[in-house]
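Observations on the three-dimensional arrangement
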Protein chains: 6
Amino acid sequence: MRSDRQVNELRKVTIETDYVKHPEGSVLISFGDTKVICNASVEERVPPFLRGQGKGWITAEYAMLPRATQQRNIRESSKGKVSGRTMEIQRLIGRALRAVVDLDSIGERTLWVDCDVIQADGGTRTASITGAFVAVVLAFGKLVDNGVLKKLPVTDFLTAISVGVLPDGKEILDLCYEEDSKADVDMNVVMTGQGEFVELQGTGEEATFSMQQLQKMLSLAQEGVTELTHLQKDAIGKWAEVIDKSSAVKEK
Amino acid sequence: MRSDRQVNELRKVTIETDYVKHPEGSVLISFGDTKVICNASVEERVPPFLRGQGKGWITAEYAMLPRATQQRNIRESSKGKVSGRTMEIQRLIGRALRAVVDLDSIGERTLWVDCDVIQADGGTRTASITGAFVAVVLAFGKLVDNGVLKKLPVTDFLTAISVGVLPDGKEILDLCYEEDSKADVDMNVVMTGQGEFVELQGTGEEATFSMQQLQKMLSLAQEGVTELTHLQKDAIGKWAEVIDKSSAVKEK
Amino acid sequence: MRSDRQVNELRKVTIETDYVKHPEGSVLISFGDTKVICNASVEERVPPFLRGQGKGWITAEYAMLPRATQQRNIRESSKGKVSGRTMEIQRLIGRALRAVVDLDSIGERTLWVDCDVIQADGGTRTASITGAFVAVVLAFGKLVDNGVLKKLPVTDFLTAISVGVLPDGKEILDLCYEEDSKADVDMNVVMTGQGEFVELQGTGEEATFSMQQLQKMLSLAQEGVTELTHLQKDAIGKWAEVIDKSSAVKEK
Amino acid sequence: MRSDRQVNELRKVTIETDYVKHPEGSVLISFGDTKVICNASVEERVPPFLRGQGKGWITAEYAMLPRATQQRNIRESSKGKVSGRTMEIQRLIGRALRAVVDLDSIGERTLWVDCDVIQADGGTRTASITGAFVAVVLAFGKLVDNGVLKKLPVTDFLTAISVGVLPDGKEILDLCYEEDSKADVDMNVVMTGQGEFVELQGTGEEATFSMQQLQKMLSLAQEGVTELTHLQKDAIGKWAEVIDKSSAVKEK
Amino acid sequence: MRSDRQVNELRKVTIETDYVKHPEGSVLISFGDTKVICNASVEERVPPFLRGQGKGWITAEYAMLPRATQQRNIRESSKGKVSGRTMEIQRLIGRALRAVVDLDSIGERTLWVDCDVIQADGGTRTASITGAFVAVVLAFGKLVDNGVLKKLPVTDFLTAISVGVLPDGKEILDLCYEEDSKADVDMNVVMTGQGEFVELQGTGEEATFSMQQLQKMLSLAQEGVTELTHLQKDAIGKWAEVIDKSSAVKEK
Amino acid sequence: MRSDRQVNELRKVTIETDYVKHPEGSVLISFGDTKVICNASVEERVPPFLRGQGKGWITAEYAMLPRATQQRNIRESSKGKVSGRTMEIQRLIGRALRAVVDLDSIGERTLWVDCDVIQADGGTRTASITGAFVAVVLAFGKLVDNGVLKKLPVTDFLTAISVGVLPDGKEILDLCYEEDSKADVDMNVVMTGQGEFVELQGTGEEATFSMQQLQKMLSLAQEGVTELTHLQKDAIGKWAEVIDKSSAVKEK
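Counting restarts for each chain: residues are numbered from 1 in the order of the written sequence. Following the order in which they are written, the chains are lettered starting with A and the ligands numbered starting with 1. Whole-chain, interface and lining totals are the exception, using all residues; otherwise, since this is a predicted model, local features are given only for residues with pLDDT of at least 70 and side-chain atom pairs are given and counted only at 80 or more. In computing side-chain properties, one takes all heavy atoms of the structure into account and sets aside hydrogens as well as water.

1. Re the side chain of D121 of chain F
We count it as follows: Numbering of helices and strands runs from the N terminus, with a helix taken as a DSSP run of H or I at least four residues long and a strand as a DSSP run of E at least two residues long. We call two residues in contact whenever any of their non-hydrogen atoms come within 4.5 Å of each other.
With respect to the helices and strands, the residue D121 of chain F is situated in the loop between β5 (110–119) and α3 (124–145). Sequence-distant contacts of D121 of chain F, that is, excluding residues within four places in its chain, are made with K21 of chain E together with R11, D33, T34, L175, C176 and Y177 of chain F.

2. Regarding the pairing of strand β2 (residues 25–31) of chain A
Residue and element names in this part refer to chain A. Threshold: When accessible area is computed with a 1.4 Å probe and restricted to protein chains, residues below 20% of their type maximum are described as buried, those above 50% as exposed, and intermediate ones as partly exposed. For two strands to count as paired, DSSP must find a minimum of two bridges between them.
Counting buried residues along β2, seven of its seven residues qualify, which places the element largely inside the surrounding structure. As paired strands, strand β1 (residues 13–17) and β2 are joined by five bridges and run antiparallel to one another. Across the sheet, the residue bridging to E16 is L28, located in β2. Across seven bridges, β2 lies against strand β3 (residues 34–43) in antiparallel orientation. Each residue of the ladder has a partner; that of G25, found in β3, is A40. Linking β2 back to β3 in an antiparallel pair, the connection comprises two residues, with G32 at a positive phi of about 60 degrees.

3. So, the relation of the copies chain D and chain E
Put simply, the rule is: Least-squares fitting of one copy onto the other uses the C-alpha atoms of those residues that reach a pLDDT of at least 70 in both copies.
Of the two same-sequence chains, chain D is brought onto chain E (RMSD 0.0 Å, axial shift 0.0 Å) by a rotation of 180 degrees. The superposition operator between the copies reduces to a two-fold rotation axis. Considering only C-alpha atoms, the part of chain D nearest the rotation axis is Q201 of chain D, at 2.3 Å. Taken together, the interface assignments show that 100% of the residues at the interface of chain D recur at the interface of chain E, consistent with an identical surface on both copies.

4. Details of the interface of chain B and chain C
Note the cut-off: Put simply, buried area is the surface a 1.4 Å probe can reach on two separate parts but cannot reach once they are joined, added for both. Salt bridges, as used here, are contacts in which a Lys or Arg side-chain nitrogen is within 4 Å of a carboxyl oxygen on Asp or Glu. Counted as a polar contact is a pair of N or O atoms within 3.5 Å, where, for protein atoms, one must be capable of donating a hydrogen and the other of accepting one, and residues adjacent in sequence contribute only when both atoms are in side chains. Three classes are used, and their members are as follows: Ala, Val, Leu, Ile, Met, Phe, Trp, Tyr, Cys and Pro are nonpolar, Asp, Glu, Lys and Arg are charged, and the others, Gly among them, are polar.
On the side of chain C, 36 residues touch chain B, which itself brings 36 residues to the contact. Together, the buried faces of chain B and chain C total about 2,900 Å²; carbon and sulfur atoms form 48% of this surface. For the pair chain B and chain C, the interface holds 14 salt bridges. The shortest N-O distance in the salt bridge between D114 of chain C and R75 of chain B comes to 2.7 Å. For the pair chain B and chain C, the interface holds 27 residue pairs in polar contact (both at pLDDT 80 or more). Among the elements that take part in the side of chain B that touches chain C, strand β5 (residues 110–119) of chain B stands out by supplying six residues, more than any other. When the residues that make up the side of chain B that touches chain C are grouped by side-chain class, the tally is 16 nonpolar, nine polar and 11 charged.

5. Remarks on the UniProt feature "domain: Exoribonuclease phosphorolytic" (unreviewed entry) in chain A
To keep it simple, the criterion reads: UniProt positions are given in the numbering used here, feature names are shortened, and annotations may be inferred rather than shown by experiment.
UniProt feature "domain: Exoribonuclease phosphorolytic" (unreviewed entry): in the numbering of this structure it lies at residues 9–138 and 158–224 of chain A. The span residues 158–224 of chain A carries 30% helix and 40% strand; its end-to-end C-alpha distance comes to 12 Å.

6. As for the sheet that holds strand β5 (residues 110–119) of chain E
All names here are of chain E. Quick reminder of the rule: For helices, the fitted line uses only the C-alpha atoms of the stretch in contact; every axis is such a line through C-alpha atoms, and the angle between N-to-C directions lies from 0 to 180 degrees.
One open sheet holds the five strands; their spatial order is β1-β2-β3-β5-β4, and the pairing between them is mixed. Where the open sheet ends on each side, the last strands, each with one partner, are β1 (13–17) and β4 (57–64). In this sheet, neighbouring strand axes are inclined to one another by 20 degrees on average, regardless of whether the strands run parallel or antiparallel. Those strands touched by helix α5 (residues 211–236) are β1 and β2 (25–31), and its axis lies near 20 degrees from that of β1.

7. Considerations on the arrangement of the chains
With no contact between them, chain C and chain D keep their nearest C-alpha atoms 11 Å apart. Taking C-alpha atoms only, the smallest gap left between chain A and chain F, which are not in contact, amounts to 11 Å.

8. What about the interface of chain D and chain E?
Facing the 33 residues of chain D at the interface are 33 residues of chain E. In this assembly, chain D packs against chain E so that about 2,800 Å² is buried in total across both faces, 53% of it on carbon and sulfur atoms. Interface area lost by chain D to chain E is led by E88, F197 and E206 of chain D, which between them contribute 21%. The interface formed by chain D and chain E holds two salt bridges in total. Across the pair R91 of chain E and E88 of chain D runs a salt bridge whose closest N-O atoms are separated by 2.6 Å. Our enumeration of links across chain D and chain E arrives at 13 residue pairs in polar contact (both at pLDDT 80 or more). Mapped by element, the contributors of at least two residues to the side of chain D that touches chain E are α2 (84–98), β8 (185–192), β9 (197–204) and α5 (211–236) of chain D. It is β9 of chain D that contributes the most residues to the side of chain D that touches chain E, eight residues altogether. Classifying every residue of the side of chain D that touches chain E gives 14 nonpolar, 10 polar and nine charged.

Following this line, the structure appears as structure tokens:
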């Protein structure tokens, strides 16, 4: 049994905006002791495969400071290559963000989203997605305020949360590092504010899971996502209403 | 609507064993026009992080011949690095196989599983997992026949299949390349012969999906998995019965 | 003494065309247990050093599946670099093919030739060249049939074979892996259908060879080349006659 | 003329200790808008060239978050190599720290010092050294408190500051990014608490400087170093007195 | 005490011009047993960051033959990356040369300066800078002689020398390898013919140095620089007078 | 027709021994304007694949200074990888040297042979082999003189020379760069002092060659090899006689 919170309870989540001064959107997000700086930068061009099509792109990069973890990790720049884990996570973040942004309406621009974990305690990828969404809204918001874009190109909220199954068979929400290490099943769920799935990644760690367990985990994830969406609304201020309207339209 | 088969129908699947002569287990698997050589090689040592623990490991590598696809791709050895997509797939294959192998009982050995796509038409990762399982069983079977292992260290069958949602909202099983390119949702499901989930990876491609769509996709996947398991049983001959018993025991 | 064939006898050689569906030319060639997939792909541009000169280029890449050999080799994409052996072989294949193709008449196009060894038992480079030639003819033939090229830009046949000297001083043709491992001298001969040399690479392996031994080896090579040219003619069908005429003209 | 401070005035400098929870020593240091996380990690072994000698080592790594600067920089892990600028800075940090630590008395241990710039506005290397020193003292202090080391192996304080010459010929202390960009001369001075030089790196940027200008710059640097040493004393608490005694002994 | 020369004495320095035939400027310089080939090559374009600005660039590369040193070093091309030490040195050489060349007057050209150490005995970077300057003058001189440039774009002489402090506290000029290995302080000074500083890099090697020691070292450096400038004048012949006039003008 | 020498005439060849002071064997060899530094270094261990077998190894590395050629080449250390051409050449040099050294008698040592081209005008690989042989003899000679080896482990002389066919059909010996650029056929021949072949590499450059042309080229090569062997004898002094005896024994 969890000592400090209920199985369906999130850790304390905080979102601090304008954390660093240069980026168009900058956020420090905490899921308990997991802390991630999420910066969104606007670049006035797109990758080669999109040139001349009049549409934009969002790409994400993810990294951890070497001592974000209990043991120091070798820096990926020193190793000269990005690990498979890092690649998976940054591809996931970019794909998830692109699902709620209308890329056709942002012109030939790239939004670079950098998620840098300064302290890790489980759930770095879900914190990254949840924080990155806020940084993206702030960056696009700035482009709207500056008259570069006519309207906010964001079609819905986007949050992510982990769920899992402990060895005793108990399903839990928002796993910290210690829980994650011993869990039989680890699932990351990315959802919109409207409750639609964007990504679902469930993995048995030398174990498997049943349809019934899947249903319980998805139900826990739904609870977490609702709460995270509220926190995002507080963080983005005036843009919350704009997205609410936009997603309601999409719904129909 | 699909022209050549039902929405819940697999493409023609064939499994040719002993395809190449050197590996301990070797398979050529076809899912329609997708053809993958799956070779399993036994190495008499384990990676550094496992040394001295008396247990074994399974690791997988995945690649495509440059012209397996409609357009020629640059060889990853020429680029000097493995793409994020390749890393994701080979990590997935290895993780999935480890879920149905009793690593504690194989001694300090590594099973290298190489999945090389010689022709691609969608579903290369699901064909790879399904074929790799057969190669793994054959390789371990050889170790049992040679007296190196006392019993087959395989606890259940393992198959993988893709499901998706077309733009018209129709859920389909086993997407070919053309379907995959236009699908709104793409999901890969890895399951045991007992119907348990090993991996679930669903992705909205600049789109999202509902709980209802998820349920329909999982139901289609279940149909495909049942059929693939039958084909695996034919391919592995005498070992099918051994695994059936082993998985029945695990069930209890 | 060889147990299974004469010193001047080739292993069983087979050439299967249209092996893979996407490439413009595709061949599976076997020299005994050595099996190589040779794919020729047309790209509608040339490398930077040739741009604007109105002529084309042929470039080759060579690789082995990790378990093509008795011991598994580490994948070159994982190592992040191509070995010296691989580079030597692929440079040789490309150079040899360019000697029998009229690059001035193919326009600003590159023919990429991929030779991927799926099973190795000695002679992979000679099988690659011999098979690649067939794939190249089929690819150019398709361009002629489609009206892209006016005539087949191939000036002669091109085959390759290995010869060597065993420790007992006996010269032999077409060495399998076991023979190659113990040979004192290893020579690869690339020749045209007209009996001209394209490449000659003889190497004493911590040994040397005399002028007399060289002459005997070249004589054996000539026998092998004649037979391989016949097999190529069968494989390329209607194009055989075209090349015969073309090489006869060149002769004068 | 500087608008906001005197030519011999530092920007506001703050040192926040225990910034991140895992490292043995962790500091967030600010020189105005320049912010650097300095983490010190203890590893229980030394690099190969020192093994078996009974002494320890200190090594430093330096990096900037991609959007620490006005324009986003490509991540060095994505480029696959560390830039010359990064290498120069991290070699400087390590060398400077080793000058005030008694490596013979720390056993076969490595102290890894990671300086990660989260916001940059000039002077990132001097802020890194000044902050890293505090992190190092805290890390060694923890080893003393835990009984691993008998006494603090730090022989003196260590601070660094930049000085320069503006195009109008005026010497200034602690250059911000804008000043650094236009300066004719840029010099970084690393000094001990006793006023000895550890490193001196002066560079004319397509310009030169006279002996007289050098003297004025060194005088300004001395002023800055005195102030920074006071701030370090406040940050390290009880260890300040220990180092004062240690450096007084060394003096004699 | 030095056995073979005074503390303020240089080793025998020789400068052989036109050492290799292809480069526009080529020099073999010796500082005692340290021998460096310095080649200057003109390229008719500039790096991307300068394109279209009508000005030129100078860039330097530095390397050592593997057996230039007592122990053979692994070739940097084999390691696949350039070491931090190499990067530091080549950045220093390029920066120093740019301080005495009028880049605005050379058109959109790059001067590549290659310093290759064929035998090393301490002071390779100072020999490189001193020799590179001569190669640069010869290369630009050739452009003037050919009418490509109107006048020599060199504003002053440029030489470099090392100074240091031995463990006995004695300051010395131009350290050989053995002296360098045991010195407490190592400083490289780059100066113009007019006695202005271009670069100053002083390093305590697990040691520190006082203001007084700094002054003595700078005084020794001044002596060495005067002598080296004379040797450069002899080497460049007619161009010496041109630079003398140019630097006199700059002085005013 | 050649303006400056006969078709069967070598360029002026010089061999300067003890060129650089640190290596066990050091040679500067010139074939006309082609100049190569050949250094042989003894390392007291062997590569992993030979450990514990009591025998030694010879490995070679080859490089060109960036401006050894008419156009400056990018440094391979900057590119981060060694080109295919470089690999081919250094593999050839190592293999050739191993053919005339008794590796069983040198103990577990590696001889590193570095061939660095400082000026190139055709024939760099043949000059490298011819010079490397002398450096190797001098290095082993030093080991004999020092009592480390009982006898010189060199079984025969080793020289290399290029031959080719010009477009007018004329066969020539020892091609300079200009001749090499336009030749139809380029062949490198490595031979022992006894006239045995070690390596034979003939290449038609978008051309082919007949058996008759091959014979003429081999005859020219024989003439060149005889002359080069004489020059080697002069360069190695007392060791010439030792090798002569050794090769006479081998002959029988």
